[in-house]
Each structure stands twice: as C-alpha cells, then as structure tokens.
Amino acid sequence: MYRSHVLVCGGTGCTSSNSPKIIETFEAQIKEKGLEDEVKVIRTGCFGLCALGPVVVVYPEGCFYSEVKVEDVPEIVEEHLLKGRIVQRLLYDETKSTEEVKPLKETDFYKKQKRVALRNCGVINPEDINEYIAYDGYQALAKCLTELKPEEVIQIVKDSGLRGRGGGGFPTGLKWSFTAANKADQKYVVCNADEGDPGAFMDRSVLEGDPHCIIEAMTICGYATGATEGYIYVRAEYPIAVKRLEIAIAQAKELGLLGKDIFGSGFDFDLHIKLGAGAFVCGEETALMTSIEGNRGEPRPRPPYPAVKGLFGKPTTENNVETFANIPTIIREGAAYFASMGTEKSKGTKVFALGGKIKNTGLVEIPMGTTLREIIEEIGGGIPNGKKFKAAQTGGPSGGCIPMSLIDTPIDYDNLTAIGCMMGSGGLIVMDEDNCMVDIAKFFLNFTVDESCGKCTPCRVGTRRLLEMLDKITSGNGTLEDLDKLEELCYYIKENSLCGLGQTAPNPVLATLKFFRDEYVAHVVDKKCPAGVCKDLLQYKIIADKCKGCTACARKCPVGAISGTVKNPHTIDTSKCIKCGACIETCKFGAIVKE
Amino acid sequence: MKTLEELMALRDAAKAKMTARDDSTALTRVVVGMATCGIAAGARPVLNKFTEEIEKRNLTGVTVAQTGCIGMCQYEPIVEVTAPGKEKVTYVLMTPEKAAKVVVDHLVNGNPVVEYTVGALKK
C-alpha cells in the first residue's frame, strides 16, 4: 500500500509547461530518499485550473500545489513526503489557511462546479483501467448488458434529457432511437472528437483524463442501437489523447470489456481510432464520416441522415465526446439524478473551456442554468488588471457573443439561441474593453475562410466576400451602406450553405453587429477604433508639452518617421508611421499617445 | 470479464489501493508525527509498519498520513488515530511492534490499546 499519492497533471496544458520533467524528478527524488515503496506518483488528466499549471496534488492531505517548477520538486519531497510538512509557499493561494489545508472543492474555482463529464479528470490515472474501475467504471456497461434491454437503455437516456454537447443540442436518446429503429446487417457508433474551435479543449481534456468513460459509453450506445463497431475520430494534433485512447482500448480488450461476448451477454463490440488531419469541416458529421471512409473530408446534403445512411452507407449514431462522457453516470446513477441538474429544457452540466481575458483560464463544468456572471466573476476569478468586461464569445467561429447587458442570462441551449448566440461545443472566450469587436468578428471569419472546404459557393465565396468587407471597415474605408450589405450577405450565406460550417460562419459578424453596432459605426463614420486595436484607424501623436526632446523615440523608430531637434518637441510624420508602437514603449515621459 | 461480480471484485481491490486519494470524512486516519523529533525517535519504521499491516489485512477506509511536530517531543514517536464520530486517540512512544498491535486491536477490532495512549502515560 502506498501511504501517499502524488498526482501530477498530464493534460496538454501542464505537459507543455514541463510536467513530464516534474514527474521524472519526483520519481528520482523519491527513490533517492528511499520512499519508492511508500509514495506513488500518478500522471492524471486535466484538473481544470490550467492558468496555475503545472499542478501537483499530494494525498492524503489533498494539498494543491500550483505553478510547480522542476526546482521545487526536491523541496516537496524532502519537506512534505519525507517530513510531513506542507510546503506553504507553493500552495494554491486560496487553499492556504492557518489551521489546515482548505479542501480544493471549497475554493471559488471548484465550489460552483459540478463534475459529471469531468468526474475522473485529475482524479485517476487515465492509463490504468483499474483506477477507472475503482471509481465505478464499467458498472454502467455491466448493468446495460446484464439487466437492461436495448430499448430500456434508450429510454433512460431519453428520460435523462441529455442533449448533444457538440453544439446542436439534439436530444441524444432520440438520436439513438432513430438508429435503433433502422434494420441493417451492420451499424456503427462514431465519436466526434474533432474539436476544432479556436480556444476549445473540452473534448481533449476528457479523452486525456478519462478515456475509458468514452469507451464504456460507446459500447453502451452500440448495445442500445445494435451496432457492433465504433470509430473515434480524433485529431492527430492531440497526441496525448490518442496515446491514452490506444492504451485504454488495449486494456479494455485485455479484460474482455471490448471484443467478443462482453459480460457473457453475447454482445460484441470493437473500437477503432481514426486520426483526422485537422480540418475544421471534419467536425461536421457527414464530412467526418466521409473522412473516416478514406475520402476527402467534405459534407454531403442531409437527408438521408446518418441514422439511416451514415458511415459506409450503414445506420450510424454519432455523438460528441462530452455527450458520451455523460452516459455512464446517467446509466449508473439513473435518469432522475441527471435530470435533477440544469434547467427545464437543458438538463445536466456543461463543460466550458475558459479563455481570453480571465484570471482562472481553464476547464470548468457547471450545471446548466448557471449565469455567465457566476462563471466569469466567481469561478473564473474576474478580469485581470482591473479591466472592464465587454463580452464573452461562445461557440467559437459558429457562435456569437454575450454582451455585458446579458451577463445575468442563465446559460442553457434555449436562452443562448434566443439571444442569437449558441452553446457551441463549449469554448468561452472572455473579452475586455481592449478588444475590438469588429476585429474579433474578423478573426473568426478569417478562420472560417481558411477552413471552408470549398464544396458549396455560398460558403466558399460568401465568407471570403464577408472578410473583404470587414477588412474594408477596419481599414477605415467602409460606409454605412456596407454595414447593411454585410448583414444581407450574412443571411444569404446562412440560408444557402450546404453544411453547418457555412450556415453558422456569419454568426460572429451578426452577433457583434447586433450588440456592438456602435463600434462598427465608429469604424465607418468616425474612422476610429474605440478599443484602439485596428491599426489603420490609429494615429500616433506626440504631445508637445510633455516631450522633453530626448530623441529616444526618433532613434528607436524603425522607419525614421519621427523628427525633431535635441531638447525641442518632436513630431511624427503620419504618412511614414507604420504604427508599430516602438516609440510609445521607448518614451519615458508618456508624451506619445495613440488615438 | 464475464460477470458483474468479477467487475465488483476488481473494483474493490483497486479501490483499496486508492484510499489515500479519498477525501471523504468517513475515513479512519492514522497520523504519524514526522517532525525532526519524531523521525529521530524512530517514526519512520512505525509509519512503515502501519502501512504494511494495513495492506496485509486488506483494511479499507483507512489512510496513513504524516504530520509535523505534535508538541510533546519527549514522547515521540506519536501516532494519532481519528475516526468519524469518535474521540481522537493519541498513542505515544510508539514502536513497530506496538503499531502492529494497534492495527489489530484498534483498527480491526475497534478497541483502542489504552496502555499505549498518552492518558496511560500520565497516570
């Protein structure tokens, strides 16, 4: 028995800030002190508090050490593991207290969270099936195969009120029943792990932190719908997730939890991993299946829906990673437990990847119906540097934004749709007063222009034209008529595109136009960017009264746009200025401003 | 794996190895004083004996932890046993042999070994 467990985060965030080296050092130091039979080091999935990574948690005390560096490891081993003295200086600020360590789940970041899909992330070793089983893993599958009929499983999923977490919000139980109703010699289950929105990493974290729950859920889905084969379509850019999935599948097969005659029920199920090359459009279900079949990832018109004619022309159920991650808990704890969380029409919880101008960047899971204010101010810790909140972007390039005036909206599928936004897969990017909303719309459009597969004209040409219009506006050449044209084109693209990518691509533009039209107007009428982001609309000026004539800026200017003589106020030649900002950084007297 | 029973057996075995990570208050905790005074007085063999015996007997719901100086350095090694709903029991001047007896009498059978406690010392 190991008396102490050291959990080190092995999610992508902490891995890139050196957690593998930290694990190595822990193992070496523990060995050096002769503690290798007493202390176990475990690499887990994401804890969620990515902003404070790398994260190390030491049990049984439950000490949450944040921003741990390799150099800190010997101190933790010597003081904490050998002598039992907690290293106060490395504790996450909020857990520090005079008496004893405050449990992590009582901190502001975790207090309001409810972890269902992420229940094992940061808790178990994802590369050890025994730890998943210790936390009630595979019990849901056993229950389905030994006690429930397929239609009973579907009924439980229906009763739970679970809706697709990939963005659309289609009722999962209903989706399963469509596939189940179709007779065929072969059916498939597909897990969509092609997470492509900029700033979203929910699916990756689930796969990295708890791969077995996806395997379990897909097998349950296979049993319920009559499918015997499954595919996980995951991006090749997620190497840690892929590796852990491979390990998990091999372990499940070894224990007979995948393969032939699972739990003696006569039900067979096999899983394959298919690596995607990272095209955004492959997150669209028909394009994803086309890609699995070995063809170029392009969508096709629906109907026929995948439940009728999906992968290889056979009935197929496709769900997102997070949707699947909820399934084992629903079966194990019952539909009523799941349905007790959330709002009337949106049950359960939702995982969000918090990013942008927020203190606690990371992964959070909240009950549906939590307000944006709670997420940002309480869980997220607010906006850094005392800046003011402007808007939150949800749903990535397919989504919209929630402005300050709607910050108290309870978040669920229908409320977000009602305000012209969408849940999306769960990226939540917070913006403050320094973000220009036109620039944000341009950023996302740039992304969709790159990612449009080119099959249909409205999307291929339309998004390009949209981007050109936005360029025109941000460079100060736009007119008020352009705003109307912009809006008209948006609706045209939405209505005429073949797949979800094109149908939602104009959303960032429409949402910013709706809530921040004044910013667009400022760009076209006053030729000003209120947030000071759009370079073409900025002018650098030297305030003569403040300028001491030190010549520092003139020497720094890379294009020689600043002139003046020593001890006399300088001036900037705006025709030469490239707006690089070097002069502002150089000036010691605050004499240079941009406006 | 063919039956639910097999799965549950595997779960219980795996769970027993993970009690250290259980932060529920329903656990019995064995806390060994491991400050300089405790270590010098021989706390480490005591700690190891506790983990060894607990594992040997497949005791679930028990964790072994360390703490700093408990304050009565002359009576180290000191071991405190806390269980939900029960008074804390403080053992003093512990040895590996005494630890083995505490595991059997106290942790398994629920009878604190009174003669090893700090109360007995004062009499």
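Chemist: Can you tell me about the overall build of chain B, naming the residues and giving the values?
Modeler: Looking only at helices and strands, one finds five helices and four strands in chain B. Here the C-alpha coordinates of chain B stretch approximately 55 × 25 × 25 Å along the principal axes. Burial analysis of chain B (123 residues in total) assigns 45% to the buried set. Look at the contacts in chain B between residues 6 or more apart in sequence, and 61% of them connect residues 24 or more apart. Only carbon and sulfur atoms are counted for the fraction: they give 54% of the accessible area of chain B, which is about 6000 Å². Taken as two groups, the 16 positive and 14 negative side-chain charges of chain B have centres that lie 2 Å from each other.

Chemist: Would you mind going over the layout of surface pockets in detail, with residue names and values included?
Modeler: Residues and elements named next belong to chain A. Roughly 1200 Å³ of volume is contained in the second largest pocket. Secondary-structure elements contributing two or more residues to the lining of the second largest pocket are helix H8 (172–181), strand E9 (316–320) and helix H20 (500–504). The dominant element in the lining of the second largest pocket, judged by the number of residues it contributes, is E9, at five residues. Grouping the amino acids of the lining of the second largest pocket by side-chain chemistry returns 10 nonpolar, 22 polar and nine charged.

Chemist: How would you summarise the nonpolar core if you had to cite specific residues and measurements?
Modeler: Residue and element names in this part refer to chain A. Ranked by internal contacts, the top residues of the largest apolar core, which has 73 residues, are Tyr138, Trp176 and Ile214. Top element by residues in this core is helix H10 (residues 211–225). It accounts for nine residues. Built from parts of two domains, this core gets at least three residues from each of domain 2 (145–339) and domain 3 (349–432). Ignoring any residue separated from it by four or fewer positions in sequence, one finds Trp176 in contact with Val153, Ile154, Val157, Ile220, Cys221, Ala224, Thr225, Thr317, Asn319, Phe324 and Ile327. By size, the runner-up hydrophobic cluster in this structure holds 38 residues, among which are Val57, Tyr110, Phe352 and Ile358.

Chemist: If you had to explain the pairing of strand E1 (residues 28–33) of chain B to someone new, which residues and values would you point to?
Modeler: All names here are of chain B. Buried residues dominate E1, accounting for five of its six residues. Strand direction decides the pairing type here: E1 and strand E3 (residues 79–82), joined by four bridges, are antiparallel. Directly across from Arg29, in E3, lies its bridge partner Thr82.

Chemist: Any chance you could break down the interface of chain B and chain A for me, citing the residues and the numbers?
Modeler: Accessible area lost during the coming together of the parts is what is often quoted as the interface size. Counting from both sides, the interface comprises 33 residues of chain B and, opposite them, 39 residues of chain A. Here chain B and chain A share three salt bridges between them. Its salt-bridge partner being B:Arg11, residue A:Asp136 comes within 2.7 Å of it at the nearest N-O pair. Applying the counting rule to chain B against chain A returns 11 residue pairs in polar contact (both at pLDDT 80 or more).

Chemist: Please provide a residue-by-residue account of the sheet that holds strand E12 (residues 389–394) of chain A, values included.
Modeler: Residues and elements named next belong to chain A. Spatial ordering of the open sheet is given by E11-E10-E14-E12-E13, a layout of five strands whose pairing is mixed. Each edge of the sheet is formed by a strand with only one pairing partner; in this case those strands are strand E11 (362–367) and strand E13 (401–403). Taking each pair of neighbouring strands and ignoring which way they run, the sheet shows an average axis angle of 30°. Here six bridges tie strand E10 (residues 349–356) to E11, and the two strands are oriented antiparallel to one another.

Chemist: Before we move on, can you summarise the confidence of the model for chain B with the specific residues and values?
Modeler: Residues and elements named next belong to chain B. Residues with a pLDDT of 70 or more make up 96% of chain B, whose mean pLDDT is 86. Within chain B, the lowest mean pLDDT, 79, falls on helix H5 (residues 118–122), and the highest, 93, falls on helix H4 (residues 96–108). Here the prediction assigns the complex a pTM of 0.88, and the interface score ipTM is 0.80.

Chemist: Any details on helix H3 (residues 43–56) of chain B? Residues and values, ideally.
Modeler: In this model, H3(B) (14 residues) spans 20 Å end to end at C-alpha, consistent with the 20 Å of a helix rising 1.5 Å per residue. Of the positions making up H3(B), those classed as buried are B:Ala43, B:Arg44, B:Val46, B:Leu47, B:Phe50, B:Thr51, B:Glu53 and B:Ile54. Where H3(B) is buried, its residues touch helix H3 (73–82) of chain A together with E1, helix H2 (36–40), strand E2 (62–67), E3 and H4 of chain B. Positive phi shows up at B:Asn58, right after H3(B), with a value of about 55°.

Chemist: Outline the pairing of strand E7 (residues 259–262) of chain A, listing residues and values.
Modeler: All names here are of chain A. Examined bridge by bridge, E7 and strand E8 (residues 267–276) share two bridges and lie antiparallel to one another. Its bridge partner being in E8, Gly259 is matched across the sheet by Phe269. The hairpin turn running from E7 into E8, its antiparallel successor, is four residues long, and Phe263 in that turn takes a positive phi close to 50°.

Chemist: An account of the sheet that holds strand E5 (residues 188–193) of chain A is requested, with residue identities and associated values reported.
Modeler: Residue and element names in this part refer to chain A. Read across the sheet, five strands follow the order E7-E8-E6-E5-E9 without closing on themselves; strand pairing throughout is mixed. The sheet terminates laterally at E7 and E9, the two strands that pair on one side only. Strand-to-strand, the axes of this sheet are offset by a mean angle of 25°, without reference to chain direction. On the sheet, helix H11 (residues 239–254) packs against strand E6 (229–235) and E8 and is oriented at approximately 165° with respect to E8.

Chemist: Hey, could you go over the domain arrangement of chain A for me, with residue numbers and the actual values?
Modeler: On domain assignment, one finds that chain A holds domain 1 (4–111), domain 2 (145–339), domain 3 (349–432), domain 4 (437–526) and domain 5 (539–594). Its C-alpha centre places domain 1 of chain A at a distance of 49 Å from the equivalent point of domain 5 of chain A.

Chemist: Got a sec to walk through a nonpolar patch on the surface? Specific residues and values, please.
Modeler: Residue and element names in this part refer to chain A. On the surface, a nonpolar cluster with roughly 260 Å² of combined accessible area is contributed by Phe170, Leu174 and Phe178. Structurally, Phe170 is set in the loop between helix H7 (150–160) and H8. Given the relative accessible area of 40%, Phe170 is considered partly exposed.

Chemist: Can you break down the side chain of A:Thr179 residue by residue, with the values?
Modeler: Residue and element names in this part refer to chain A. By the secondary structure assignment, Thr179 is in helix H8. Take Thr179: its relative accessible area is 1%, and that puts it in the buried class. Side-chain polar atoms of Thr179 contact the side chain of Thr317, separated by 3.0 Å. Apart from the residues lying within four places of it in its own chain, the contact partners of Thr179 are Lys187, Thr225, Ala307, Pro315, Thr316 and Thr317.

Chemist: Help me get a handle on the pattern of salt bridges, residues and values and all.
Modeler: Under the defined criterion, the tally for this structure stands at 46 salt bridges over all chains. The shortest N-O distance in the salt bridge between A:Glu285 and A:Arg302 comes to 2.7 Å. Of this pair, A:Glu285 sits in helix H12 (residues 285–292) while A:Arg302 sits in the loop between H12 and E9, placing them 17 residues apart in sequence. Exposure remark for A:Glu285: the relative accessible area of 13% places this residue in the buried category. You can call A:Arg302 partly exposed: its relative accessible area is 38%. A salt bridge links B:Lys49 to B:Glu52; the nearest nitrogen and oxygen atoms lie 3.9 Å apart. Of this pair, B:Lys49 and B:Glu52 are both found in helix H3, three residues apart, which corresponds to roughly one turn of the helix. Each of the salt bridges in this network shares a partner with another, and the network as a whole consists of A:Lys33, A:Glu78, A:Glu79, A:Lys83 and A:Arg85.

Chemist: Lay out the packing of aromatic side chains in plain terms, naming residues and giving numbers.
Modeler: A ring pair, where both rings are aromatic, is described by two values, the distance of the centres and the angle of the planes. All names here are of chain A. Applying the stated criterion to the full structure yields 12 aromatic pairs over all chains. Judged by centre distance (6.1 Å) and plane angle (55°), the rings of Tyr188 and Tyr231 are tilted. Of the two residues, Tyr188 is situated in strand E5 and Tyr231 in strand E6; the sequence distance between them amounts to 43 residues. What makes Tyr188 buried here is its relative accessible area of 9%. Taken together, the ring pairs connect Phe47, Phe64 and Tyr92 into an aromatic cluster.

Chemist: Before we move on, could you go through unusual backbone geometry and cite the residues and values that matter?
Modeler: Working note: non-glycine residues mostly have negative phi, and peptide bonds are mostly trans. Here the bond from A:Gly53 into A:Pro54 is cis, since omega is -10°, no more than 30 degrees from zero. Note that A:Pro54 resides in the loop between strand E2 (39–44) and strand E3 (56–59). Cis geometry is found at the peptide bond from B:Glu76 to B:Pro77, where omega equals -10°. Within the fold, B:Pro77 resides in the loop between E2 and E3. Phi angles above zero are rare outside glycine, and A:Phe263 is one such case at about 50°. On the basis of relative accessibility, which here comes to 4%, the residue A:Phe263 falls in the buried class. Within the chain, A:Lys579 stands out as a residue other than glycine whose phi angle is a positive 60°.

Quick notes on the rules
- Residues numbered from 1 in each chain as written.
- Chains lettered and ligands numbered in written order.
- Predicted model: local features only at pLDDT ≥ 70, side-chain atom pairs only at ≥ 80, totals over all residues.
- Heavy atoms only, no water.
- Helix = DSSP H or I, 4+ residues; strand = E, 2+ residues; numbered from the N terminus.
- Buried < 20%, exposed > 50% of the residue type's maximum accessible area, 1.4 Å probe, protein only.
- Contact = heavy atoms within 4.5 Å.
- Areas by Shrake-Rupley, 256 points an atom, 1.4 Å probe, with all protein chains shown as cover.
- Lys, Arg positive; Asp, Glu negative; His and termini not counted.
- Charge placed at Lys NZ, Arg CZ, Asp CG, Glu CD.
- 1 Å grid on protein atoms, 1.4 Å probe; cavity = no way out; pocket = protein on both sides within 12 Å on 5 of 7 lines; lining within 4 Å.
- Points joined across faces, edges and corners; volume = space filled by probe spheres on them.
- Nonpolar A, V, L, I, M, F, W, Y, C, P; charged D, E, K, R; others polar.
- Core = buried A, V, L, I, M, F, W, Y, C linked by side-chain atoms within 4.5 Å.
- Domains from an automatic or database assignment.
- Pairing = 2+ DSSP bridges.
- Salt bridge = Lys/Arg side-chain N within 4 Å of Asp/Glu carboxyl O.
- Polar contact = N/O pair within 3.5 Å; in protein donor to acceptor, adjacent residues only side chain to side chain.
- Axes fitted to C-alpha atoms, helices over the stretch in contact; angles between N-to-C directions.
- pLDDT = per-residue confidence, 0-100.
- Expected span 1.5 Å × (residues − 1).
- Patch = residues over 30% accessible without salt bridge, like charges linked within 9 Å, V, L, I, M, F, W, Y side chains within 5 Å.
- Phe/Tyr/Trp six-rings, centres within 6.5 Å; stacked < 30°, edge-to-face > 60°.

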